[in-house]
Amino acid sequence: MIARNKAFANLTAGYLFPEITKRRKAYAASHRDKKIISLGIGNTTEPLTPHIAAALAGCARDLGTPEGYSGYGDEQGMAALREKIAQTLYPGLAASEEIFISDGAKCDIARLQLLFGPETSVAVQDPAYPVYVDGSVIAGAAGGAKPGQTGYEGITYMPCTRENGFFPDLSVVKPDSLIYFCSPNNPTGAVSTKAELQTLVDAARRRGCIIVFDAAYSAFIRDKALPKTIFEIEGARECAVEVNSFSKLAGFTGVRLGWSVVPKTLHFADGEPVCQDWNRVMTTLFNGASNIAQAGGLAALDVEGMRETRSLADYYLKNAAVVKKALEGDNFKRAGVTVFGGRNSPYLWARFPGQKSWNVFDCLLADCSIVTTPGSGFGPAGESYIRFSAFGHRADAEEAAGRLANFAPKSAPDN
Ligand SMILES: *Cc1c(COP(=O)(O)O)cnc(C)c1O
């Protein structure tokens, strides 16, 4: 029989979301009268906006006509869309040939791992979006699980805690590593400042590292002083690639459209340009994003589309404010709960001192019929935290806030 890829045996079970579903189902089965509200989703809930939806429909209609039909397009994406992204989102920071259109940021993160061999060291923020670690393990880059501990041998975890303002100590990063970094962050909701990202870029350059910068939530940044792309930082074109997506920007989680930026000025140790190999990966293993989705992406970046996507993000930011206000109520203050994020980001990250994330999850489900995401599921430094998502309908956010106002969080000695 053919042998199993050893990397898969190294992978520890994906536990977080199946376990949430299991506990939610068990609760629902014994509380049929209760309406469960989910503040646990990392998925968009509001409909596509009219101008963008019309562009998607228009392209689909045109494809049904002899004049409007097209087959395979350029694997790197429609020239017009690459140009539009470069002009509107990276003016003076990246050229259209450095933009590669894809079916989403998660898929790009997985494909990027092909550029670096299994010997590459990997550093991630802890807590983190699971694909950075799991994708690295599948690519063979991370070794096995640490015996008797959480995490993998070959991965350097950079704790992001309230003590360090959710910006990690970079001195732990090994030379020549791949560094995954996400801002605005999922799950902590933290947004790194220019000065912080300058520290990251400087550290990466000093140590010969490449940063994979995940900017999937950049559309939620409202504070003008905060950087929306790593390429606002001096020196980033020599040490970083960026992945981004229309998923959270325009509600394209189901439509599927993303992009990566790989500057021509980024090189491997042997002097070869990274974008050359990336172009090879994208043209060989990927066959281009859907032409319909790309037509929608173009519409999302014109004046009308930008107005719509801004109000879409504002809608979710308002949900975040509604839930945040409830989490800052006296009942939570008495238990020492502190809430982070939710400004310039659709996630709230609440710390329940002295409690285990899963215990808080169970209490919120039992007492409020609210589903959340236990912070410990995103990495060891997420213990005692709960992630509250702003993705949802306003009426549900308001009802959840009302229930939270009557919740009595347990008080425990901090540790
Ligand atoms: C949602 C999300 C993405 C987007 O992934 P797509 O594949 O483009 O839908 C990327 N990174 C993070 C951290 C996310 O939460």
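Residues numbered from 1 in each chain as written. Predicted model: local features only at pLDDT ≥ 70, side-chain atom pairs only at ≥ 80, totals over all residues. Heavy atoms only, no water.

Student: Let's hear about the nonpolar core: which residues, and what values?
Tutor: Counting residues in each nonpolar core, the largest one holds 77 residues, and the members touching the most others are Ile85, Ile179, Leu200, Ile211, Ile230 and Phe246. Apart from residues no more than four positions distant in its own chain, Phe246 is found in contact with Leu81, Ile85, Gly251, Phe252, Leu257, Gly258, Trp259, Gly297, Ala300 and Leu301. The next biggest cluster of nonpolar side chains, apart from the first, holds 39 residues, and it includes Ile20, Phe166, Phe352 and Phe388. (Core = buried A, V, L, I, M, F, W, Y, C linked by side-chain atoms within 4.5 Å. Buried < 20%, exposed > 50% of the residue type's maximum accessible area, 1.4 Å probe, protein only. Contact = heavy atoms within 4.5 Å.)

Student: Go over unusual backbone geometry, please, and point to the residues and values.
Tutor: With an omega dihedral of 5 degrees, the bond running from Asp126 to Pro127 counts as a cis peptide bond. Considering the arrangement of structural elements, one finds Pro127 in the loop between β3 (121-126) and α6 (131-138). Omega for the peptide link from Asn186 to Pro187 comes to 20 degrees, which places this bond in the cis form. Along the chain, the position of Pro187 falls in the loop between β5 (177-182) and α7 (194-206). Phi angles above zero are rare outside glycine, and Phe166 is one such case at about 60 degrees. As for its position among the elements, Phe166 is in the loop between β4 (155-159) and β5. (Helix = DSSP H or I, 4+ residues; strand = E, 2+ residues; numbered from the N terminus.)

Student: Tell me about the pairing of strand β9 (residues 338-341), residues and numbers included.
Tutor: As defined by bridge partners, β9 adjoins strand β10 (residues 347-351) across four bridges and the pair is classed as antiparallel. Paired with Gly341 across the strands is Leu348, a residue of β10. Taking the residues between adjacent antiparallel strands as the criterion, β9 and β10 are bridged by five residues, where Gly342 takes a positive phi near 85 degrees. (Pairing = 2+ DSSP bridges.)

Student: Before we move on, can you summarise the sheet that holds β5 with the specific residues and values?
Tutor: Taking strand neighbours across the sheet as the criterion, the seven strands line up as β2-β8-β7-β6-β5-β3-β4 in an open arrangement whose pairing is mixed. Across the chains shown, the open sheet's two edge strands, defined by having one partner strand only, are β2 (99-102) and β4. Pairwise comparison of adjacent strand axes, ignoring direction, gives a mean angle of 20 degrees for this sheet. When strand β7 (residues 240-245) meets strand β8 (residues 258-261), the two strands line up antiparallel, connected through four bridges. Residue pairing across strands places Ser245 opposite Gly258, the latter belonging to β8. Against the sheet, helix α9 (residues 274-285) engages β2, β6 (210-214) and β8, with an angle of about 25 degrees to β2. (Axes fitted to C-alpha atoms, helices over the stretch in contact; angles between N-to-C directions.)

Student: Requested: an account of the packing of helix α2 (residues 16-30) against helix α13 (residues 357-368), with residues and values cited.
Tutor: Following both chains from N to C, one finds α2 and α13 inclined at 30 degrees, their axes separated by 11 Å at the closest point. Our classification of the angle between α2 and α13 gives roughly parallel. Handedness of the crossing formed by α2 with α13: right-handed. On the side of α2, the interface is formed by Leu16, Glu19, Ile20, Arg23, Arg24 and Tyr27, while α13 contributes Trp358, Phe361, Asp362, Leu365 and Ala366. Residue classes in the contact of α2 with α13 are distributed as seven nonpolar, no polar and four charged. (Parallel < 35°, antiparallel > 145°, perpendicular 65-115°, else oblique. Left-handed = near helix turned anticlockwise from the far one by under 90°. Nonpolar A, V, L, I, M, F, W, Y, C, P; charged D, E, K, R; others polar.)

Student: Help me get a handle on the sheet that holds β10, residues and values and all.
Tutor: Pairing is antiparallel across the open sheet formed by four strands, whose spatial order is β9-β10-β13-β12. Of all the strands in the sheet, just β9 and β12 (373-374) have a single pairing partner and so form its edges. In the packing of α13 onto the sheet, contacts are made with β12 and β13 (385-389), and the angle to β13 comes to roughly 50 degrees.

Student: Would you mind going over the environment of Asp302 in detail, with residue names and values included?
Tutor: With respect to the helices, strands and loops of the structure, Asp302 is situated in the loop between α10 (291-300) and α11 (303-327). With 256 residues separating them in the primary sequence, Asp302 and Glu46 have C-alpha atoms 20 Å apart. Not counting residues up to four positions away in its chain, the partners in contact with Asp302 are His51 and Lys84.

Student: Describe in detail the domain arrangement of the protein, supporting the description with residues and values.
Tutor: One can read the domain layout of the protein as domain 1 (6-47 + 306-405) and domain 2 (51-304). Once you take the C-alpha centre of each, domain 1 and domain 2 turn out to be 25 Å apart. Contact with domain 1, which involves 35 residues of that partner, is made by 45 residues of domain 2. Of the roughly 3,400 Å² buried between domain 1 and domain 2, counting both surfaces, carbon and sulfur atoms make up 59%. Considering only the side of domain 1, the residues that lose the most area to domain 2 are Met306, Asn344 and Phe378, jointly responsible for 20% of the buried surface there. (Domains from an automatic or database assignment. Buried area = accessible area lost by both parts, 1.4 Å probe.)

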